[in-house]
Amino acid sequence: MKRHIPNMITLLNALSGCIATVFAVANVLEISALFVCLGIFFDFLDGLAARLLQVKSELGVQLDSLADMITSGLVPGIIMFQLLNMSELGGWNMASEVSWAINGDVSILPFFGFLITLASAYRLAKFNIDENQVTSFIGLPTPANALLIISLPLILLYQNNDILNKIILNQWFLIGLTLLSGYLLNSKIELFAFKFENWSFKDNALRYIFIVISLVLLITMRFLGIPLIVVFYVLGSLTQNLNGKNK
């Protein structure tokens, strides 16, 4: 029975992604973001459960990626679709409109957001056949990328800053972020993983520092702290890689 527990948790991730998809399509992005976070929590929990119960399986690996494809691949693409749509419709005040047609003509630009979904699918497929990504990741993990994308509507809703709103709803910013997201997901950058083999500070210094800085950023900057955390995650990993090569 215990061998099914991690897979059941993974299915909760998939369920959270399905619910997040419904709310993202309806343009209720704050609720969608909440279920994405819940799905990411289950994604972390299923791996932890598999290690504690020592019941890793090939089925679990495949199922995990399928669930991530929904929660951290499809939903961020829909959210970017909605943000690009808002940027064309005139801003956040138009958020209640689900329509992506302007003046009776179909706008192509919002569909560009699904590049994130395609890049996520490609990354997850590569991850499933790559045996080297055990203690670290090659490219930005899809959950981290999902957090980056879902932070944007949360900043719009809760930070209440006109400058940030204009930046986030700028078409060129959204296009640039979509391209950057697709690149980071499938880049050759080696990023550290949050898999603690022991609890010593010496062996996990970067992980502990990252956790502390992340908490400080979230407390002081709220949702704006999320993209800054992702930036620090990438820069911290690059610094660690350079230090490793210089030793």
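Just so it is clear, the structure is predicted and the values come from calculations on it, not from any experiment. (Residues numbered from 1 in each chain as written. Predicted model: local features only at pLDDT ≥ 70, side-chain atom pairs only at ≥ 80, totals over all residues. Heavy atoms only, no water.)

Trainee: What's the story with the overall build of the chain in this structure? I'm lost.
Mentor: Assigned secondary structure in the chain consists of 9 helices and 4 strands. The order of helices and strands in the chain, counted from the N terminus, is α-α-α-β-β-α-β-α-α-α-β-α-α. Looking at the chain as a whole, 45% of its 247 residues qualify as buried. In the chain, 74% of the contacts between residues at least 6 apart in sequence involve partners at least 24 apart. When the accessible surface of the chain is totalled, it reaches about 13,200 Å², and 69% of it is carbon and sulfur. (Helix = DSSP H or I, 4+ residues; strand = E, 2+ residues; numbered from the N terminus. Buried < 20%, exposed > 50% of the residue type's maximum accessible area, 1.4 Å probe, protein only. Contact = heavy atoms within 4.5 Å. Areas by Shrake-Rupley, 256 points an atom, 1.4 Å probe, with all protein chains shown as cover.)

Trainee: Explain the nonpolar core here, please?
Mentor: Nonpolar side chains in soluble globular proteins tend to end up buried together. One finds Ile79, Met80, Leu83 and Leu140 to be the most contacted residues of the largest nonpolar core, which totals 44 residues. Residue contributions to this core peak at 9 residues, all from helix 5 (residues 142–158). In this structure, Leu140 is in contact with Arg123, Asn145, Leu184, Leu185, Leu191, Val230, Tyr233 and Val234, ignoring residues within four places of it in sequence. (Core = buried A, V, L, I, M, F, W, Y, C linked by side-chain atoms within 4.5 Å.)

Trainee: Which parts of the structure should I look at to understand unusual backbone geometry?
Mentor: The phi torsion at Asn27 lies on the positive side, around 70 degrees, for a residue other than glycine. Looking at the element boundaries, Asn27 is found in the loop between helix 1 (5–25) and helix 2 (29–53). Taking relative accessible area as the criterion, Asn27 reaches 8% and is therefore assigned buried. The backbone of Arg222 shows a phi angle near 55 degrees, a positive value even though the residue is not glycine. Inspection of the secondary structure assignment puts Arg222 in the loop between helix 8 (205–221) and helix 9 (225–246). Classification of Arg222 by relative accessible area gives partly exposed; the value is 42%.

Trainee: What am I meant to see in helix 2 here?
Mentor: Think of an α-helix as 3.6 residues a turn; residues three or four steps apart then line up on the same face. Here helix 2 is 25 residues long and its end C-alpha atoms lie 36 Å apart, about the 36 Å a rise of 1.5 Å per residue gives. Leu29, Ser32, Ala33, Val36, Gly39, Ile40, Phe42, Asp43, Asp46, Ala49 and Ala50 are the residues of helix 2 that are buried. Each element contacted by the buried residues of helix 2 is listed here: helix 1, helix 3 (58–89) and helix 5. With its phi angle positive at about 55 degrees, Gln54 sits one or two positions after the end of helix 2. (Expected span 1.5 Å × (residues − 1).)

Trainee: Honestly, a nonpolar patch on the surface in this entry has me stumped. Any pointers?
Mentor: Judged by side-chain polarity, Phe194, Ile211, Leu215 and Ile219 come together as a nonpolar surface patch covering roughly 380 Å² of accessible area. Inspection of the secondary structure puts Ile211 in helix 8. (Patch = residues over 30% accessible without salt bridge, like charges linked within 9 Å, V, L, I, M, F, W, Y side chains within 5 Å. Salt bridge = Lys/Arg side-chain N within 4 Å of Asp/Glu carboxyl O.)

Trainee: Any chance you could explain the packing of aromatic side chains here in plain terms?
Mentor: By convention here, two paired aromatic rings are described through the distance between centres and the angle between planes. In total, this model carries 11 aromatic pairs according to the counting rule given. Seen in terms of ring centroids, Phe111 and Phe114 are 6.5 Å apart; in terms of plane orientation they differ by 40 degrees. Their pairing is tilted. Using a relative accessible area of 37% as the deciding quantity, one classes Phe111 as partly exposed. Aromatic pair Phe192 and Phe210: ring centres 5.7 Å apart, planes at 80 degrees, arrangement edge-to-face. Note that Phe192 is positioned in strand 4 (residues 190–192) and Phe210 in helix 8, a separation of 18 residues in sequence. By relative accessible area, Phe192 is classed as buried at 4%. Residue classification places Phe210 among the buried positions, given a relative accessible area of 9%. (Phe/Tyr/Trp six-rings, centres within 6.5 Å; stacked < 30°, edge-to-face > 60°.)

Trainee: Explanation requested: the environment of Gly225 in the structure shown.
Mentor: Note on placement: Gly225 falls in helix 9. Along the chain, Gly225 and Leu215 lie 10 residues apart, while their C-alpha atoms are 8.9 Å from each other.

Trainee: Could you clarify how one ought to interpret the packing of helix 4 (residues 115–129) against helix 7 (residues 171–185) in this entry?
Mentor: When two helices pack together, their arrangement is given by the angle between their axes and by how far apart the axes lie. Relative to each other, helix 4 and helix 7 sit at 0 degrees, their axes nearing to 9 Å. Our classification of the angle between helix 4 and helix 7 gives roughly parallel. Counted together, Leu115, Ile116, Ala119, Ser120 and Arg123 of helix 4 and Thr178, Leu179, Ser181, Gly182 and Leu185 of helix 7 form the full contact between these two elements. A breakdown of the residues in the contact of helix 4 with helix 7 according to their chemical character gives 5 nonpolar, 4 polar and 1 charged. (Axes fitted to C-alpha atoms, helices over the stretch in contact; angles between N-to-C directions. Parallel < 35°, antiparallel > 145°, perpendicular 65-115°, else oblique. Nonpolar A, V, L, I, M, F, W, Y, C, P; charged D, E, K, R; others polar.)

Nothing here speaks to function; it is all geometry.
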